[in-house]
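Take a look at the letters that make up each chain.
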Amino acid sequence: MILAFDGSSIDGSAYTYVVDLAQDSPSWLDSLVSAWATYGLGLFAVLMLLGWWQARRVSARAALMALAAPVIVVVAYAVNSVFKLLVREDRPCQSLHVKTLEACPAPGDWSFPSNHAVIAAAAAVALLSVSRRLGTVAVVAACMLAASRVWVGVHYPHDVVAGVLVGTLLAMLPAAGLHRVPETLAHRLTGSRLRPLLIAPQLAEATPYETE
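Conventions adopted
- Think of each chain on its own: its residues are numbered from 1, step by step along the sequence as written.
- At least 70 in pLDDT is required for a residue's local features to be given in this predicted model, at least 80 for side-chain atom pairs to be given and counted, and no such filter applies to totals for whole chains, interfaces and linings, which use all residues.
- Side-chain measures were taken over the full set of non-hydrogen atoms in the model, leaving aside hydrogen atoms and water.
- Secondary structure counts use DSSP, requiring at least four H or I residues in a row for a helix and at least two E residues in a row for a strand, with both numbered from the N terminus.
- Only protein chains enter the accessibility calculation, which uses a 1.4 Å probe; a residue is then buried when its area is under 20% of its type maximum, exposed when over 50%, and partly exposed in between.
- The contact rule is simple, with two residues in contact once any of their heavy atoms fall within 4.5 Å.
- Polar contacts, as counted here, are pairs of nitrogen or oxygen atoms within 3.5 Å of one another; within protein the pair requires one atom able to donate a hydrogen and one able to accept it, and residues that are adjacent in sequence qualify only if both atoms are side-chain atoms.
- Whenever a pair of cysteine sulfur atoms sits within 2.5 Å, that pair is classed as a disulfide.
- Here the aromatic set is Phe, Tyr and Trp, taking the six-membered ring for Trp, and pairing holds for ring centres within 6.5 Å; pairs whose planes are under 30 degrees apart are stacked, those over 60 apart are edge-to-face, and all others are tilted.
- Under this scheme, a helix contributes an axis fitted over its contacting stretch, all axes are lines through C-alpha atoms, and angles between N-to-C directions fall in the 0 to 180 degree range.
- Orientation categories follow fixed angle ranges, with anything under 35 degrees roughly parallel, anything over 145 roughly antiparallel, 65 to 115 roughly perpendicular, and all other angles oblique.
- In this count, Pro and Cys sit with the nonpolar residues alongside Ala, Val, Leu, Ile, Met, Phe, Trp and Tyr, while Asp, Glu, Lys and Arg are called charged and the others, Gly among them, polar.
- Put simply, a nonpolar core is a bunch of buried Ala, Val, Leu, Ile, Met, Phe, Trp, Tyr and Cys residues held in one set by side-chain atoms that sit within 4.5 Å of each other.
- Patch membership requires more than 30% relative accessible area and the absence of a salt bridge. Residues of like charge join within 9 Å; the nonpolar side chains Val, Leu, Ile, Met, Phe, Trp and Tyr join within 5 Å.
- Throughout, the Shrake-Rupley method with a 1.4 Å probe supplies accessible areas, and for residues the shown protein chains are the sole cover considered.
- Counted as salt bridges are all cases of a side-chain nitrogen of Lys or Arg within 4 Å of a carboxyl oxygen of Asp or Glu.
- Helix span, expected: 1.5 Å multiplied by one less than the number of residues in the helix.

## Remarks on the overall build of the protein chain
Part 1 of the reasoning: Check the secondary structure of the protein chain and you find 11 helices and zero strands.
Part 2 of the reasoning: Order of helices (α) and strands (β) in the protein chain, N terminus to C terminus: α-α-α-α-α-α-α-α-α-α-α.
Part 3 of the reasoning: Burial status across the protein chain gives 46% buried among its 212 residues.
Part 4 of the reasoning: For the protein chain, the proportion of contacts with a sequence separation of at least 24, taken over those separated by at least 6, is 79%.

## With respect to the side chain of S25
Part 1 of the reasoning: Looking at the element boundaries, S25 is found in the loop between α1 (8–24) and α2 (27–39).
Part 2 of the reasoning: Here L21 takes part through its backbone oxygen, which lies 2.7 Å from a polar atom of the side chain of S25.
Part 3 of the reasoning: Those residues within four positions of S25 in sequence are excluded, and the remaining contacts are D30 and W151.

## Concerning the state of the cysteines
Part 1 of the reasoning: Enumeration according to the criterion identifies one disulfide in this entry.
Part 2 of the reasoning: Here C93 engages in a disulfide with C104; their sulfurs sit 2.2 Å apart. The S-S bond linking C93 to C104 shows a torsion near 85 degrees; that makes this disulfide right-handed. Placement of the pair is C93 in helix α5 (residues 92–95) and C104 in the loop between α5 and α6 (115–130), with a sequence separation of 11 residues.

## Concerning unusual backbone geometry
Part 1 of the reasoning: Of note, the amide linkage connecting F112 to P113 takes the cis form, showing an omega dihedral of -15 degrees.
Part 2 of the reasoning: Inspection of the secondary structure assignment puts P113 in the loop between α5 and α6.
Part 3 of the reasoning: With a phi close to 55 degrees, R88 is a non-glycine residue in the positive phi region.
Part 4 of the reasoning: Assignment of secondary structure puts R88 in the loop between α4 (60–87) and α5.
Part 5 of the reasoning: A relative accessible area of 31% means that R88 is categorised as partly exposed.
Part 6 of the reasoning: Located in the positive-phi region is H97, a residue other than glycine, with phi close to 55 degrees.
Part 7 of the reasoning: Here H97 lies in the loop between α5 and α6.

## Here's the deal with the packing of aromatic side chains
Part 1 of the reasoning: Under the criterion given, the structure shown has three aromatic pairs.
Part 2 of the reasoning: Between W52 and W53 the ring centres are 5.8 Å apart and the planes differ by 65 degrees, which places this aromatic pair in the edge-to-face class.

## Re the packing of helix α3 (residues 41–55) against helix α7 (residues 132–151)
Part 1 of the reasoning: Contact geometry of α3 with α7 gives a least axis separation of 10 Å together with a crossing angle of 170 degrees. Judged by the angle between their axes, α3 and α7 are roughly antiparallel. Between α3, through L41, L43, F44, L47, L50, G51 and Q54, and α7, the contact on the second element is made entirely by L134, V137, A138, A141, A142 and L145.
Part 2 of the reasoning: A breakdown of the residues in the contact of α3 with α7 according to their chemical character gives 11 nonpolar, two polar and no charged.

## Side note on the nonpolar core
Part 1 of the reasoning: Ranked by size, the top nonpolar core spans 24 residues in total, and within it F44, V73 and A138 carry the most contacts.
Part 2 of the reasoning: Broken down by secondary-structure element, the contributors of at least two residues to this core are α3, α4, α6, α7 and α8 (157–178).
Part 3 of the reasoning: Considering every element that reaches this core, the biggest residue donor is α6, with nine residues.
Part 4 of the reasoning: Apart from the residues lying within four places of it in its own chain, the contact partners of A138 are F44, L47, A124 and L127.
Part 5 of the reasoning: One finds A22, A117, W151 and Y156 within the second-largest nonpolar core, a separate group that totals 15 residues.

## Some points on a nonpolar patch on the surface
Part 1 of the reasoning: On the surface, a cluster of nonpolar side chains totalling about 300 Å² of accessible area is made up of V71, V75, V79 and L170.
Part 2 of the reasoning: Relative to the helices and strands, L170 is located in helix α8.
Part 3 of the reasoning: On the accessibility criterion, L170 (31% relative accessible area) is partly exposed.

## So, α6
Part 1 of the reasoning: Spanning 16 residues, α6 covers 23 Å between terminal C-alpha atoms, matching the ideal 22 Å at 1.5 Å per step.
Part 2 of the reasoning: When you tally the buried positions in α6, you get 14 out of 16 residues, the bulk of the element.
Part 3 of the reasoning: Residue S114 occupies the N-cap position of α6, its side-chain oxygen lying 3.4 Å from the main-chain nitrogen of H116.

Rendered as structure tokens:
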């Protein structure tokens, strides 16, 4: 028998209110929210790719920061996965037995903190270090994704709030460290096989780097 934490005493009533509201909402709205809750993480991948494409036209250092963004997200996800195993909170749809838009995950697929919220928040923080504009879009998208996970019934509100906080904290330190990457390191890397990833052809012609 698996002993797991029941988080319904924290904000189970708020969760039930949101789930009931989803059941009474127009089907088109539920379909949109469900699609976003399931596939929304893809937007962050697109934003990181766009951030890298733009950064390599600015400088090798900026491109290096952009390439680090997905690494930060993967690390945040890995750390949170360990945290979930330590807390072992049952999904709200298992504890409260309510009707939800999304099928209830199987027992053992722990709820706290939300992986989706962690990944989205970490991506948003990392993107803010690359581009203020793309980062702002990512912050709004992260909040919407976190809310959608409650709407479809797979997380308590505290799961997604904690997920946003965990993702933000795990990404802040490495993201801040990226700003301290010396220009000399980027200079050296452009003389390696990483050159196409770090500098656009147009920029390379304008400011050529010598291979050391």
